[in-house]
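Here are the chains, one letter per residue:
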Amino acid sequence: MAAAGEDDRGRGGNVIGGGAHLYGPTVQARDVHGGVHFQAPPSPPPRPPKPRQLLPIPAHFTDRLEEHAALDRLFRAGAEGGVGQSLIVVNGPAGIGKTTFASRWLRTHEEAFPDGQLYADLRGHVASGPANPGEILGQFLRAFGTASVPGDLAEQASLWRSVTANLRIAVMLDNAFTAAQIRPLLPGGSGGLVVVTSRHRLTGLGMDGADFHRLRSLGAAAGTELFIRGAGEDRVAGELSAVREVVALCAGLPLAVCLASARLAARPGQPVAALAAALTPDRDRLAVLEVEGEGTVQNALDASYAVLGPEPARLYRALGVLPVPTFDVRTAAAACAEPLTWAERRLGELVEANMLEDIGPDTYRFHDLVRVHAHDSATTTQTATDCERIERRVTDWYLRTATEAQRRITPIQLTLPRTYAYPARLAVPFNDDIGALTWLDSRRTHLMAVLRLAAERDWHATAWQLVDAMWPLFLRLRHYDLWIEAHRIGLAAARSDGHREAERQMLNSGAIGLAAAHRTEEAVEWYTASLRAAREAGDRRDEGQARLGLGGCHFEMGRLAEAVADLDRAVRTWTECGYPRGVALARILLGEVALAEHDLDRAIASFTLARDGLLAVSDTHDAARALAFLGLARARDGDHTTGTAQMREALETFTASGATHWQARTLEMLGDSARERGDEAEAGVLLARALALYEATSPADARRLR
C-alpha cells in the first residue's frame, strides 16, 4: 500500500517522500533556536572509563556547594529507590540562578546518563504564555530522530515514553509554570533523571514522586565576590562597604548582581556609592513590583538600561517585541533595518551589559525577566505602530528567506506571489539545498511563531504565504504536527484574504499532510473541498490534483475501485489541460493499485510510463519513486536481477538526496524481494536497515514492519 499523501501538491509541488534527517541515538543535535538542547553521548565504539573529573565551580559559587551536596543526596536516594525516573524540582525566586545552578550540577553527573541530556525552556513567565507540552514533546522526539510526530498530545506522550523506555537520560525542564505542564514530558523507563526549575514550588508533582529543593540567595561574601569579578578589583578599590550595600540591594540575586556590576563597568567614572543610590528602590513602586525577586531585578534592569547607548537600547527594545524564543544576527539586523555589522556590534554590547545571553553560535536569548523589561521598555517609549513595524520587518525577513529556501529545494514548484511590507536586503544564510533545508528545520519554531503572529495581527496574505514557503520543511522532514497546524492557519488566512488560488493551495498541501499523518478521513474532506473550489474557479489543473489526492486516500482505505476511478479522472483532466507531470504522478498510483491487485503486466506498464514522463520534465525524485516500484514489479514477475538493479538504482538517488523515508521504502522492497527468492539472510539485513529508518520517519510503518 502507498503511504497516504503520496501525491502532487497542485502547483508543480513535489510528491511527499522527500525524507527526514535521521539523527539516531548517538548523534549530537543542538536545537538552540527552538529552545531545546540535546547532548547525546559520543558514537561507539566505547572508550575505556577514566576517572571522573568534576568541572570546577567558580569561586563566587562556593556557597552553592552545600546545595550541590543536597541535590546529590536527593539524586542518590532516588537512584537507590530504583522506581522509575528520579524527579527533582529546584524552585526559588526570579533571578536567583536556578538555571545556572541546575545545569552546572547536571554537568557533574554526565556519566550517569550514557544516553544523553536534554534541556527545554518551558517559558513559564513570558508574555506569550507558557510553552505547550506538545511543542516540547515534538522537539524532544525529533532530537531522538523521530520525524513523524503525532499531532495529539496523548499520542506524543505515549510515543515519548516508548522512545525513552530503555534509555538512561537526564532531562532539564527550565522555567516551568505548573505541574500539568511537566507530566507529559516525563520520560519512560528507569535510571534517568528529570530536573525541573520553577519560581513556583510545584507541590503537585509530589504525587509523581518528586523531591523538592528551595534555592537560597547568595550570601553576602559570595555576592560581593561575584560583583567584584564582574566590575573588576581595580574598579571597586576602596569602596568595599558600598559594594556590600549594592549586593544587599540586589537581595543576593545573581542576575541583579551581574546587571549591577556590568552597569558599573560601563561607567568608569561612577563611584560604587552612586550606583547604590541609583539602586535604592522607590518604596511605592517596590510595594507593587516586589514579588519573588522581580522588584529587585527590575531596579537593576532600570539602572542598566539607563546607561545603554542609544543604538544598543534601540536593539534591546526591538528584540523585546519579537515573538521568537532566540535571536541571531540576521534577526537583529532585520528588526532594526540595519546591516549585519551593526547588529553584531550591538548584540555584543548587550551581552557585555548582561542584558542578553550568548548561548551558542550566533544564538542569543533573554532571561525571562529581562525579556519582560525589554518588552515594557519598547511599549512605553514607542508607539504601537513603531512596535508593529519591527514585528513586520522580522516577519517579512522570515518570509523572504523561507521563500528562497523553497525556490532552491523545490524549484519545480510554482510559487504563489509574495508581498512584503518591508523587503529585507540581507543576504540569505545558505547557498545550497542542504543549507536551505537545515535553515528551515533549525528555524521551524521561529517560523511557526511569526506565522501565529501574522494570524494574530490579521496579516492574512503574509500568513498564507509563510505556510506556502514552509512547504519544503513539511515535504522533506514530515513534521506532521506543525504541518497540520500551519495549514489550518494558512487556510483561514487565505479565505480571509479572499485569495481563492491560495485557498486551494492550502487545501491541497494540508490534505497531503493529513493523509501522510494517517488522518485519511479528514484528508478526504479537505480534498473534496479543494475539488469543489477548483470546479468553481474553473481550474482544471487543481481539479486534477484533488482527484489525485482522493484517489490516494481511497487506495489507502482499501477502496481500490474508487481509487482507480478518481485516478483515471485525474489522468484525463491533466491530459486535457496539458500537465504531463501530473499524468505521470497519477500513473505511479495506478501502478500501485495494479500491484495490490496482482496485475503485474499492468503495473509494469504504468510504472514505465510514469518514469518516462517524470524524466521528461526533469523530476528525478519522483522518477526514482517510479523506478523503485518498477523494480519491485519486475522482481515479483520473476525477473529478480533486473528488478533488484532498478530498486538499488532508485535507492542511490534517494540516498544522495537525503530522502530518508523513500530510502526505507526501497530497502523494504529489496528485503521483500530477497525473501521471495529465498535469501533470508539478505532480507534480514535489508529489513533491519529499513526499520531503523522508519523509526525516524514513520512510527506506523515501523510498527507494521516489526
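This one's a predicted model, so the numbers in the text were calculated from it and none came from an experiment.

Peer 1: Is there a simple way to explain the overall build of the protein in this structure?
Peer 2: The secondary structure content of the protein amounts to 33 helices and nine strands. Counting over 706 residues, the protein shows a buried share of 58%. When contacts within the protein are restricted to residue pairs at least 6 apart in sequence, those whose partners lie at least 24 apart make up 69%.

Peer 1: Sorry, what's going on with the packing of aromatic side chains here?
Peer 2: Each pair of aromatic rings is reported with the distance of its centres and the angle of its planes. Enumeration according to the criterion identifies 16 aromatic pairs in this entry. Here the aromatic rings of Phe 327 and Phe 366 are separated by 5.4 Å at their centres, their planes lie at 70°, and the arrangement is edge-to-face. Of this pair, Phe 327 sits in the loop between α13 (310–320) and α14 (329–336) while Phe 366 sits in the loop between β9 (363–365) and α16 (368–381), and the two are 39 residues apart along the sequence. Take Phe 327: its relative accessible area is 0%, and that puts it in the buried class. Both rings, one in Phe 474 and one in Trp 483, keep their centres 5.8 Å apart while their planes meet at 15°; by these two values the pair is stacked. When sorted by exposure, Phe 474 lands in the same class as Trp 483, which is buried. Feature note: the residues Tyr 305, Tyr 316, Phe 327 and Phe 366 constitute an aromatic cluster, connected by ring pairs. Taking the ring centre of Trp 459 as reference, the NZ or CZ of Arg 392 above it sits at 4.7 Å.

Peer 1: I would appreciate a short explanation of the packing of helix α29 (residues 620–636) against helix α30 (residues 640–657) in the present structure.
Peer 2: The relative placement of two packed helices comes down to the angle between their axes together with the axis-to-axis distance. At a minimum axis separation of 7 Å, α29 and α30 run at an interaxial angle of 155°. Taken together, the axes of α29 and α30 are roughly antiparallel relative to one another. You can see that α29 and α30 cross each other, and the crossing is left-handed. Judged by residue contacts, Thr 620, His 621, Ala 624, Arg 625, Leu 627, Ala 628, Leu 630, Gly 631, Leu 632, Arg 634 and Ala 635 of α29 engage His 640, Thr 642, Gly 643, Gln 646, Met 647, Glu 649, Ala 650, Thr 653 and Phe 654 from α30.

Peer 1: How should I be thinking about the pairing of strand β6 (residues 193–198) in this particular structure?
Peer 2: When a strand is regular, its side chains alternate between the sheet's two faces. Counting buried positions over the six residues of β6 gives six, a clear majority of the element. Of the strand pairs in this sheet, strand β3 (residues 86–91) and β6 are connected by six bridges, and their pairing is parallel. For Ile 88, the partnering residue across the bridge sits in β6 and is Val 195. Bridging between strand β5 (residues 170–176) and β6 involves five bridges; their strand directions are parallel. Bridge pairing in β6 links Ala 170 to Leu 193.

Peer 1: What should I look at first to understand the nonpolar core in this one?
Peer 2: Note that soluble globular proteins tend to have their nonpolar side chains buried in a common cluster. The biggest cluster of nonpolar side chains holds 135 residues, and the ones touching the most others in it are Phe 227, Val 246, Tyr 316, Leu 319 and Leu 322. Phe 227 has contacts with Val 236, Val 243, Val 246, Val 247, Val 257, Ala 260, Ser 261, Leu 264 and Leu 275, leaving out every residue within four places of it along the chain. If you look at the next biggest cluster of nonpolar residues, it comprises 51 residues, including Leu 548, Val 571, Leu 589 and Ala 628.

Peer 1: Looking at this model, I keep getting lost on the environment of Asn 132. Mind explaining?
Peer 2: Examined against the element boundaries, Asn 132 turns out to sit in the loop between β4 (117–121) and α3 (133–143). Distance in space between the C-alpha atoms of Asn 132 and Leu 153 is 9.5 Å, their sequence separation being 21 residues. Within the local environment of Asn 132, its side chain forms a polar contact with the backbone nitrogen of Gly 134, the two atoms lying 2.6 Å apart.

Peer 1: It is not clear to me how the pattern of salt bridges should be interpreted in this structure. Could you clarify?
Peer 2: Pairing between side chains of opposite charge can happen when their charged atoms approach one another. In total, this model carries 38 salt bridges according to the counting rule given. One salt bridge in this structure joins Glu 67 and Arg 216, with 3.8 Å as the shortest N-O distance. Of this pair, Glu 67 sits in helix α1 (residues 65–81) while Arg 216 is found in the loop between β7 (211–214) and α6 (220–231), placing the two residues 149 residues apart along the sequence. Residue class for Glu 67 comes out buried when judged on its relative accessible area of 3%. Through salt bridges with shared partners, one network takes in Arg 495, Arg 500, Glu 503 and Glu 536.

Peer 1: Even after reading the chapter, I still don't get the environment of Val 394, so can you show me in this structure?
Peer 2: Note that Val 394 resides in helix α17 (residues 384–409). Assessed through its relative accessible area of 1%, Val 394 is described here as buried. Linking Val 394 and Ala 424, residues 30 residues apart in sequence, is a C-alpha distance of 8.6 Å. Discounting chain neighbours no more than four positions away, the residues touching Val 394 are Leu 322, Thr 331, Ala 334 and Ala 335.

Peer 1: Quick question: what am I supposed to make of the packing of α3 against helix α4 (residues 153–163) here?
Peer 2: Running from N to C, α3 and α4 point in directions that differ by 35°, and their axes come no closer than 10 Å. As for the relative orientation of α3 and α4, their crossing is left-handed in sense. From α3, Pro 133, Gly 134, Leu 137, Phe 140 and Leu 141 reach across to α4, where they touch Leu 153, Gln 156, Ala 157, Leu 159, Trp 160 and Val 163. Among the residues making up the contact of α3 with α4, the classes are represented as nine nonpolar, two polar and no charged.

Peer 1: Please clarify how the confidence of the model for the protein should be interpreted in this entry.
Peer 2: Any residue range with low pLDDT should be treated as having predicted coordinates unsuitable for detailed reading. In the predicted model, the protein carries a mean pLDDT of 84, and 87% of its residues have values of at least 70. Mean pLDDT across the elements of the protein bottoms out in helix α11 (residues 283–289) (30) and peaks in helix α20 (residues 460–469) (98). Counting contacts from residues 1–8, a segment whose pLDDT is below 50, to residues more than four positions away or on other chains yields 44 contacts. Note on residues 41–61: pLDDT under 50 across the span, and 28 contacts to partners over four residues away in sequence or across chains.

Peer 1: How should I be thinking about unusual backbone geometry in this particular structure?
Peer 2: Excluding glycine, residues mostly have negative phi values, and the peptide bonds linking residues are mostly trans. The backbone phi angle of Asp 362 is positive, close to 50°, even though this residue is not glycine. What makes Asp 362 partly exposed here is its relative accessible area of 32%.

Peer 1: What should I look at first to understand the side chain of Asn 91 in this one?
Peer 2: Structurally, Asn 91 is set in strand β3. When near neighbours in sequence (up to four residues on either side) are disregarded, Asn 91 contacts Lys 98, Ser 198, His 200, Arg 201, Phe 212, His 213, Arg 214 and Leu 215.

Peer 1: Explain the environment of Ala 635 to me, please; I cannot follow it from the model alone.
Peer 2: As for its placement among the helices and strands, Ala 635 is situated in helix α29. What makes Ala 635 buried here is its relative accessible area of 1%. Along the backbone, Ala 635 and Gln 646 are eleven residues apart, and their C-alpha atoms lie at a distance of 9.6 Å. For Ala 635, the contacting residues outside a window of four places in its chain are His 640, Gly 643, Met 647 and Ser 673.

Peer 1: I keep staring at α30 and nothing clicks. Help me out?
Peer 2: Along an α-helix, residues three or four apart share an orientation, since each turn contains 3.6 residues. The end-to-end C-alpha distance of α30 is 26 Å, a good match for the 26 Å that 18 residues give at a rise of 1.5 Å each. Burial in α30 covers these residues: Gly 643, Thr 644, Gln 646, Met 647, Ala 650, Leu 651 and Phe 654. Burial along α30 is one-sided: seen end-on, the buried residues are contained in an arc of 160°. Of the exposed residues in α30, those oriented more than 90 degrees away from the buried face are Thr 641, Glu 652 and Ala 656. Summarising the contacts, the buried residues of α30 are in contact with α29 and α31 (660–676).

Scoring rules and cut-offs
- Residues numbered from 1 in each chain as written.
- Predicted model: local features only at pLDDT ≥ 70, side-chain atom pairs only at ≥ 80, totals over all residues.
- Heavy atoms only, no water.
- Helix = DSSP H or I, 4+ residues; strand = E, 2+ residues; numbered from the N terminus.
- Buried < 20%, exposed > 50% of the residue type's maximum accessible area, 1.4 Å probe, protein only.
- Contact = heavy atoms within 4.5 Å.
- Phe/Tyr/Trp six-rings, centres within 6.5 Å; stacked < 30°, edge-to-face > 60°.
- Lys NZ or Arg CZ within 6 Å of the ring centre and 35° of its normal.
- Axes fitted to C-alpha atoms, helices over the stretch in contact; angles between N-to-C directions.
- Parallel < 35°, antiparallel > 145°, perpendicular 65-115°, else oblique.
- Left-handed = near helix turned anticlockwise from the far one by under 90°.
- Pairing = 2+ DSSP bridges.
- Core = buried A, V, L, I, M, F, W, Y, C linked by side-chain atoms within 4.5 Å.
- Polar contact = N/O pair within 3.5 Å; in protein donor to acceptor, adjacent residues only side chain to side chain.
- Salt bridge = Lys/Arg side-chain N within 4 Å of Asp/Glu carboxyl O.
- Nonpolar A, V, L, I, M, F, W, Y, C, P; charged D, E, K, R; others polar.
- pLDDT = per-residue confidence, 0-100.
- Expected span 1.5 Å × (residues − 1).
- Arc of directions from axis to C-beta.

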